[in-house]
Amino acid sequence: MLGRGVKRKWSCLEELEAEEVPAAQRQRVLGLCLEKLQRYQAGMELSLRRSVLLINTLRQIQEDMRSDGAGACTADVLLNGVHPDSCLLRDDFREDMSVTCPGCAEDDGASLSLSPPLSPEFPSQEENVLPDQQKSLPASTISSFSDAVNAMGYLSDLALDDIFEDIDTSMYETSDLPSLRSPTHSSPASLQSCLMDLNELDHIMEILVKS
Amino acid sequence: YQHLKIYTQLIKYCFILHVNLHISIQLHVNTLAVDLADIISTVEFNHTGELLATGDKGGRVVIFQREPESKSEPFSQGEYNVYSTFQSHEPEFDYLKSLEIEEKINKIRWLPQQNAAHFLLSTNDKTIKLWKVSERDKRPEGYNLKDEEGRIKDITTVTSLQVPVLKPMDLMVEVSPRRVFANAHTYHVNSISVNSDYETYMSADDLRINLWHLDITDRSFNIVDIKPANMEDLTEVITAAEFHPHHCNLFVYSSSKGTLRLCDMREAALCDKHSKLFEEPEDPSARSFFSEIISSVSDVKFSHSGRYLLTRDYLTAKVWDLNMESKPLETYQVHDYLRSKLCSLYENDCIFDKFECAWNGSDSVIMTGAYNNFFRMFDRNTKRDVTLEASRESSKPRAVLKPRRVCAAGGKRRKDDISVDSLDFTKKILHTAWHPTENIIAIAATNNLYIFQDKLNSEMH
């Protein structure tokens, strides 16, 4: 963090801050939130405090947008405003979900079970992996987007002991697991069985995103 | 012991500085080689104030000892000099999570002294260690069965018996690890606190607090667990925790939502339900996207009396009365001029900085850090406050500390005032400590440790 922001032109930022209308500021904060969450994905284990604060801020922006009567359209406009190309942003998301995960099985398992909100954007691949989770799709883009961020934010903080708890249980109930566990919960069965698919998916994503 | 080399480069300055709060202060600056590993990450006086420990990002602990008064050097009274340096933690790699575990020392806590040796706890993100610091100035000589190097003698050469004796030798400070408390924290340890029973201590990470016995390393009791069943429901983390100074059953922990929870271990073994919740109602007019981030409590400290709690959030320091949960007793603005700059501070990540806070020995003054190597003191009785600067450039040896003033944008600017725009946000004072009884303070400014001393206490006055 040292050195970050040193070379920033404070005067410019200030002017911006002073003049900013609430909607513009919201858009800026939103963009920064996303940028920060993505940036942290790649590196070290991010501080849980920081990611919780970032995601709560995102939630608040979401609330704010809802109370403004902003529907899915506004959300799209906002997202477009953050990144000139809305497709790019979505790609970024996918990249975070599947490619930049540090590659550990736990994280992949979690991103798998938490990713349905994103699936409509590339149905062909995800449907294969998660055919029965399509129902859980939220209606509005806003909530799907923030759910995605939710998932991202905590991926790298997924507690190891909890995963092991899950895996231990799975030893005794592998057969009836799919029916017992809710699709949104990080299920060990899908974790085990979909690891291979996920690795493949990662490769496909990588190719898609890079191209 | 390569790290010892760094400390041979110590340059020492002594300043006498004057503070508005009738505190004048002496300063040493220990300038270390500028290296990220040298950034000081924690500062802590022991219970008598004779020793001061610092921990850094490189996993080292440096202990300073206050020199006894010397007649030949009248100014040397109260000076702290390096007493011992040791490597407390090493970088590790978590192979299961593919993540590095930093060696950075997050907290140091001294145990109350019970014999000639000193004990301290140090922690990084995951592992807490108990260290013994002891002196040796004598060595045994004249064993019958082994020679000076400890080799067993040929028994046939032993023709007479002698009584081994202790011979004086150069003073040696030995630091040895006594206990390693590992594998109990899934998240990052942010606080450790020794209980007033002197037998137990607690360690807090983002979601859980564990209670340990100082002699037992393979088991700890989970006393707080705020981890939701589903991590998606997580909205709050534990940011700091501390035991009550006198009542061994009470402890407090702070959260990222700006609340404090006082827990009583007599009520239940698992203290998930608090006894008291300290929370200030939110001012709806001041609400912004950053409200929650700036209200996140970065440090909580019991007063020495045990009656009050001092908390620090991003912009303010607050004093709470244990008998009043509804709002803080006192609120002090640390750098309110930053309120209009929150968006930029959010952009450059400064808004997540965790400033600590400290009480003076009589609980009448509080101290906390700010940006630009500034730190603030608030006198609770007179309501006077002062901004001081910890920097070598602006101070001369034994000079009196000059109060600084930050001029908010648009405000009237006086000579020597510094404008908000020219504050250096990379120079932040996060860690400070106040001597338990005297007006001596230790300020960690990046890789420098400043020790200021009250002029009234020194012979100069």
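So, a few notes on the structure that sits alongside this text. Counting restarts for each chain, with residues numbered from 1 along the sequence as it is written. To read the labels, note that chains go from A and ligands from 1, taken in the order they are written. Two thresholds apply to this predicted model, a pLDDT of at least 70 for residue-level local features and 80 or more for giving and counting side-chain atom pairs, whereas whole-chain, interface and lining totals are computed over all residues. Side-chain numbers come from the whole structure's heavy atoms, not from hydrogens or water.

### Things to note about the state of the cysteines
Keep this limit in mind: The disulfide definition used here is simple: a pair of cysteine sulfur atoms within 2.5 Å.
Under the defined criterion, the tally for this structure stands at zero disulfides over all chains. Free cysteine: Cys 263 of chain B, not disulfide-bonded; nearest cysteine sulfur from Cys 271 of chain B at 5.2 Å.

### Quick look at the packing of aromatic side chains
For clarity, the threshold we go by: For Phe, Tyr and Trp, where Trp contributes only its six-membered ring, two rings pair if their centres lie within 6.5 Å, and the inter-plane angle classes them as stacked under 30 degrees, edge-to-face over 60, or tilted in between. Only protein chains enter the accessibility calculation, which uses a 1.4 Å probe. A residue is then buried if its area is under 20% of the maximum for its type, exposed if over 50%, and partly exposed in between. The rule for a charge over a ring is simple: NZ of Lys or CZ of Arg within 6 Å of the ring centre, and within 35 degrees of the ring normal.
Scanning all chains against the criterion turns up 17 aromatic pairs over all chains. Ring centres 6.1 Å apart and planes at 75° place the aromatic pair Phe 243 of chain B and Phe 251 of chain B in the edge-to-face group. Each member of the pair, Phe 243 of chain B as well as Phe 251 of chain B, carries the same accessibility label: buried. A network of ring pairs unites the aromatic residues Tyr 314, Phe 355, Tyr 371 and Phe 425 of chain B as a single cluster. The side chain of Lys 36 of chain A reaches across the aromatic face of Tyr 346 of chain B, ending 5.1 Å from its centre.

### Details of the nonpolar core
Threshold: Residues belong to a common nonpolar core when they are buried Ala, Val, Leu, Ile, Met, Phe, Trp, Tyr or Cys residues joined through side-chain atoms within 4.5 Å. The way it works is that DSSP assigns letters per residue, a run of H or I at least four long becomes a helix, a run of E at least two long becomes a strand, and they are numbered from the N terminus. A contact between two residues is defined here by any heavy atoms of the two lying within 4.5 Å.
Within the largest apolar cluster, 46 residues are counted, with the highest numbers of intra-cluster contacts made by Tyr 314, Tyr 346 and Ile 351 of chain B. Mapped onto this core, the elements with two or more residues apiece are helix 2 (22-42) and helix 3 (48-67) of chain A together with helix 2 (291-295), strand 22 (308-312), strand 23 (316-321), helix 3 (342-347), strand 25 (357-359) and strand 27 (374-379) of chain B. Setting aside its immediate chain neighbours within four residues, Tyr 314 of chain B contacts Ile 294, Ser 296, His 335, Leu 342, Leu 345, Cys 350, Ile 351, Asp 353, Phe 355 and Tyr 371 of chain B. One finds Val 365, Met 377, Trp 434 and Ile 441 of chain B within the second-largest nonpolar core, a separate group that totals 16 residues.

### Let's talk about the sheet that holds strand 27 of chain B
All names here are of chain B. As a reminder of what qualifies: In this scheme, strands are said to pair when DSSP sees at least two bridges between them. A fitted line through C-alpha atoms serves as each axis, taken over the contacting stretch for helices, and the angle formed by two N-to-C directions is quoted from 0 to 180°.
Taken in spatial order, the four strands of this open sheet run 25-26-27-28, and their pairing is antiparallel. Two strands close off the open sheet at either side, each with one partner strand: strand 25 and strand 28 (385-389). Strand-to-strand, the axes of this sheet are offset by a mean angle of 20°, without reference to chain direction. Relative to strand 28, strand 27 runs antiparallel, the two being bridged by five bridges.

### A word on the pattern of salt bridges
Basically, it comes down to this: A pair is scored as a salt bridge if a Lys or Arg side-chain nitrogen falls within 4 Å of a carboxyl oxygen belonging to Asp or Glu.
What the rule picks out here adds up to 33 salt bridges over all chains. A salt bridge links Lys 36 of chain A to Asp 349 of chain B; the shortest N-O distance between them is 2.7 Å. Residue Lys 36 of chain A is found in helix 2, and its partner Asp 349 of chain B is found in the loop between helix 3 and strand 25; the two belong to separate chains. Accessibility expressed as a relative area gives 1% for Lys 36 of chain A, which makes it buried. Assessed through its relative accessible area of 2%, Asp 349 of chain B is described here as buried. Residues joined in a network through salt bridges with shared partners are Lys 36 and Arg 50 of chain A together with Asp 349 of chain B.

### Let's talk about helix 3 of chain A
Residue pairs three or four apart in sequence face the same way in an α-helix, which turns once every 3.6 residues. Heads up, the condition is: Under the convention used throughout, the expected extent of a helix is 1.5 Å for every residue step, that is, one less than its residue count. Polar contact is the term for a pair of N or O atoms within 3.5 Å; when the atoms are in protein, one must be able to donate a hydrogen and the other to accept it, and sequence-neighboring residues count only if both atoms are side-chain atoms.
Taking 1.5 Å of rise per residue, the 20 residues of helix 3 of chain A would be expected to cover 28 Å, and the 28 Å separating its terminal C-alpha atoms lies within 8% of that figure. A side-chain oxygen of the first residue of helix 3 of chain A lies 3.3 Å from the backbone nitrogen of Arg 49 of chain A; this N-cap is Ser 47 of chain A.

### A short note on the side chain of Glu 389 of chain B
Structurally, the position occupied by Glu 389 of chain B is in strand 28. Judged by relative accessible area, which is 11%, Glu 389 of chain B ranks as buried.

### A look at the pairing of strand 4 (residues 51-56) of chain B
Residues and elements named next belong to chain B. When you tally the buried positions in strand 4, you get six out of six residues, the bulk of the element. Here strand 4 shows a buried face lined by Leu 51, Ala 53 and Gly 55 and a second buried face lined by Leu 52, Thr 54 and Asp 56. Count of turn residues in the strand 3 (residues 40-45)/strand 4 antiparallel hairpin: five residues, of which Gly 49 carries a positive phi of about 85°. Two elements, strand 4 and strand 5 (residues 60-66), share five bridges in a ladder whose sense is antiparallel. Of the residues in strand 5, the one forming a bridge with Ala 53 is Ile 63. Here strand 4 folds back onto strand 5, and the loop between the two strands holds three residues, one of which, Gly 59, carries a positive phi near 80°.

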